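For reference, the chains in residue letters:
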Amino acid sequence: MVTEEQAEQEIDALNKSPFVQLARKAQRNRYMVQQRLYQLRWLEKHGRELADAGITMDILRAQAASLRADMKDDDPDEDATW
């Protein structure tokens, strides 16, 4: 039976192990790839839904331009008097 103190010491030693650090890095890399895959799958699905609803890139570009113009009109620095 391992005491709590022995377990803590072993945990500390393993956390410092270059092999544990290597495995952790590999695990993080795999996780990042999986997350990117899930994100791209979601974007693909969402893009198809937008296209099915009749949304096009031209519509989104026009919307973005309109939003930029609205934001410029609301710029408080434009009216500031120093």
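A quick note: this is a predicted structure, and the numbers were derived from the prediction, not measured.

The rules behind these values
- Residues numbered from 1 in each chain as written.
- Predicted model: local features only at pLDDT ≥ 70, side-chain atom pairs only at ≥ 80, totals over all residues.
- Heavy atoms only, no water.
- Helix = DSSP H or I, 4+ residues; strand = E, 2+ residues; numbered from the N terminus.
- Expected span 1.5 Å × (residues − 1).
- Polar contact = N/O pair within 3.5 Å; in protein donor to acceptor, adjacent residues only side chain to side chain.
- Salt bridge = Lys/Arg side-chain N within 4 Å of Asp/Glu carboxyl O.
- Buried < 20%, exposed > 50% of the residue type's maximum accessible area, 1.4 Å probe, protein only.

Moving on, we get to helix 2 (residues 18-52). When the terminal C-alpha atoms of helix 2 are compared, their 51 Å separation across 35 residues agrees well with the 51 Å that a helix rising 1.5 Å per residue should span. The distance from a side-chain oxygen at the start of helix 2 to the backbone nitrogen of Phe19 is 3.2 Å, and the residue carrying that oxygen is Ser17. Looking at the residues trailing helix 2, positive phi occurs at Gly54, about 90°.

Our next topic: the pattern of salt bridges. Across all of its chains, the model carries two salt bridges by this definition. The residue Arg48 makes a salt bridge to Glu44 at a minimum N-O spacing of 2.7 Å. Placement of both Arg48 and Glu44 in helix 2 is noted, with a separation of four residues, approximately one turn of the helix. Residue Arg48 is classed as exposed on the basis of its relative accessible area, which comes to 53%. We note a salt bridge from Arg61 to Asp58, for which the minimum N-O separation is 3.5 Å. Residue Arg61 and its partner Asp58 are located together in helix 3 (residues 57-73), separated by three residues, close to a single helical turn. Like Asp58, Arg61 is exposed.

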